[in-house]
Amino acid sequence: MKNKILLIGNSLSTMLRFRQKLFDNLSKDYDLTLFTPVGNNDTSNYDFEIKENYLKNARKVPLLNIIMFFWALRKLCKKNYEYTFIYGVGVCFISGIYLRLFGKTNYRVIFFFTGLGAIFLRKRYHFLRYILTKHIIIKVPYKIIVLNEDDKKYLCACSKNTDLSNKIIVVAGEGVPADLKLPLQPPSDEIKRLVFVSRPFLDKGCSEFSDIITMLRDKNVNLPITVYGFDKNDKGELNDIYFDKLQALRVQFEGRVDHLEKYLRPSDCMMIISDREGANRVLLECLHLRLLFIASDVPGIENFVPDSLKEILLTDFKDPSIAVEKIINIL
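## Overview of the packing of aromatic side chains
What the rule picks out here adds up to 15 aromatic pairs. Aromatic pair Y87 and F112: ring centres 5.1 Å apart, planes at 20°, arrangement stacked. With Y87 in strand β4 (residues 83–87) and F112 in strand β5 (residues 108–112), this pair connects stretches of sequence that are 25 residues apart. Each member of the pair, Y87 as well as F112, is classed as buried. Taken together, F35, F69, F70, Y98 and F102 form an aromatic cluster joined through their ring pairs.

Below is the structure:
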């Protein structure tokens, strides 16, 4: 009989998009269970079990969904998994509360922070950060995996626990498929388009994006601007006024797309605006694809930017005048 591994996340499509090859390899030696929101995804034709965990958008989960998550996790914990991998700060927080309260036996828990997340980077989440750093990450995970040295330093500073450093492993670049590549096109030295990739939430950079585009158009910067990840049919926290204003400024919303790299070009400049995630996967994909980007100057991202380019490529998007000046300088 194979040993068991439980993998907990907040999106089946993300888990399969970035880790399916890993799961396929692990399933040769382990029985895998993916415990994640399923949505409209097809769960057939995989060599591992997939179960709904009710935590879609773990930042704003209704209490009933959390109770349903706890109940389902309670049943799973009876199966004595050898390892439990938990992906994402929000899911680690919610799972960690359960494991802290009700204990864990016969398996090792690994937290995987694919970015620092709002709990670490926003002042309004100070209490949640205190709970996470003082009562969860010290007690629950056997190991913590992060994607860069800055995140490791930040976690240690937040917890003020000298032993935490021994728990943290830096795995730079996890989750970017090895075969990720841009469509072949003739090279160009000219930036032809600005691209913003996000989800429709104000604290994911959408508010700053609107202010910056308004200022760019006021300064007669007329190159095309494209948004991937949301549109008027997937509004999230945004309203019609938001879309009407930006569409009047000739911003094109392409919504959600599979395999984003198919829609990008070597001449694009990516805008990585969110300051709530640290060095997130969009940044890692830009580096892998060798795409130019301008990004928020937050912990983690500067690890990936040469010192000679930090002044040019990192900015404070909350001050649109500074961000616009840097974008124009890049163009």
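## Here we look at helix α6 (residues 149–159)
Those residues of α6 that fall on the buried side of the exposure criterion are D150, D151, K152, L155, C158 and S159. Where the residues of α6 are buried, they touch α4 (118–121), α5 (126–136), β6 (143–146) and β7 (168–170). The N-capping residue of α6, defined by a side-chain oxygen 3.2 Å from the backbone nitrogen of D150, is N148. One or two positions beyond α6, positive phi appears at K160, with a value near 55°.

## Re helix α8 (residues 240–248)
Along α8, the residues that are buried comprise Y242, F243 and L246. Projected down its long axis, α8 shows its buried positions confined to an angular sector of 90°, all on one face. Among the exposed residues of α8, those oriented more than 90 degrees off its buried face are I241 and A248.

## Description of the sheet that holds strand β11 (residues 268–272)
With parallel pairing, the 6 strands of this open sheet are ordered in space as β10-β9-β8-β11-β12-β13. The sheet is open, and its two edges are formed by β10 (251–253) and β13 (314–315), each paired on a single side. In the sheet, strand β8 (residues 193–197) pairs with β11 via 4 bridges, with the strands oriented parallel. Considered in β11, the bridge of F196 is made with M271. Sheet contacts for helix α11 (residues 320–330): β8, β11, β12 (292–296) and β13; angle to β12, the most-contacted strand, approximately 165°.

## With respect to the nonpolar core
Ranked by size, the top nonpolar core spans 68 residues in total, and within it L7, L34, F209, F230, Y242, L264 and M271 carry the most contacts. Per-element accounting of this core gives the leading share, 5 residues, to helix α7 (residues 206–218). Setting aside anything within four residues of it in sequence, one finds M271 in contact with L194, V195, F196, V197, F209, I212, I294, F317 and I327.

## Details of the packing of helix α3 (residues 89–102) against α5
The geometry of a pair of packed helices is captured by two quantities: the angle between their axes and the separation between those axes. For the pair α3 and α5, the least separation of the axes is 11 Å and the interaxial angle reads 55°. Looking at the two axes, α3 sits oblique to α5. Crossing of α3 against α5: the hand is left-handed. Together, V89, C92, F93, G96, I97 and R100 of α3 and L128, I131, L132, H135 and I136 of α5 make up the contact between the two elements.

## Describing the state of the cysteines
Inspection of the entire model under this criterion finds 0 disulfides. Left without a disulfide partner, C158 is nearest to the cysteine sulfur of C156, which lies 9.5 Å away. With no disulfide of its own, C286 lies closest to C269 among cysteine sulfurs, the gap being 8.7 Å. Judged by relative accessible area, C286 falls into the buried class, the value being 1%.

## Remarks on the pairing of β5
Most of β5 sits inside the fold, with 4 of its 5 residues counted as buried. Here β5 pairs with β6 via 3 bridges, running parallel. Paired with F112 across the strands is I145, a residue of β6.

## Some details on the sheet that holds β4
Strand order across the open sheet formed by 7 strands is β3-β2-β1-β4-β5-β6-β7, with parallel pairing between neighbours. Both edges of this open sheet fall to β3 (49–51) and β7, since each of them pairs with a single strand only. Neighbour-to-neighbour, the strand axes of the sheet open up by a mean angle of 20°, direction not taken into account. One ladder, built from 3 bridges, connects strand β2 (residues 30–35) with β3; its direction is parallel. Counted as the bridge partner of T33 is E49 from β3. The sheet strands contacting helix α2 (residues 63–77) are β1 (3–8), β2 and β3, and the helix crosses β2 at an angle near 170°.

## A closer look at the packing of α7 against α8
Between α7 and α8, the least distance of the axes is 10 Å, while the angle of their chain directions is 30°. Considering their axes alone, α7 and α8 lie roughly parallel with respect to each other. As for the relative orientation of α7 and α8, their crossing is left-handed in sense. Between α7 and α8, the contacting residues are C206, F209, S210, I213 and T214 on the first element and Y242, K245 and L246 on the second. Across the contact of α7 with α8, the residue classes tally to 5 nonpolar, 2 polar and 1 charged.

About the cut-offs
Residues numbered from 1 in each chain as written. Predicted model: local features only at pLDDT ≥ 70, side-chain atom pairs only at ≥ 80, totals over all residues. Heavy atoms only, no water. Phe/Tyr/Trp six-rings, centres within 6.5 Å; stacked < 30°, edge-to-face > 60°. Helix = DSSP H or I, 4+ residues; strand = E, 2+ residues; numbered from the N terminus. Buried < 20%, exposed > 50% of the residue type's maximum accessible area, 1.4 Å probe, protein only. Contact = heavy atoms within 4.5 Å. Polar contact = N/O pair within 3.5 Å; in protein donor to acceptor, adjacent residues only side chain to side chain. Arc of directions from axis to C-beta. Pairing = 2+ DSSP bridges. Axes fitted to C-alpha atoms, helices over the stretch in contact; angles between N-to-C directions. Core = buried A, V, L, I, M, F, W, Y, C linked by side-chain atoms within 4.5 Å. Parallel < 35°, antiparallel > 145°, perpendicular 65-115°, else oblique. Left-handed = near helix turned anticlockwise from the far one by under 90°. Disulfide = S-S within 2.5 Å. Nonpolar A, V, L, I, M, F, W, Y, C, P; charged D, E, K, R; others polar.

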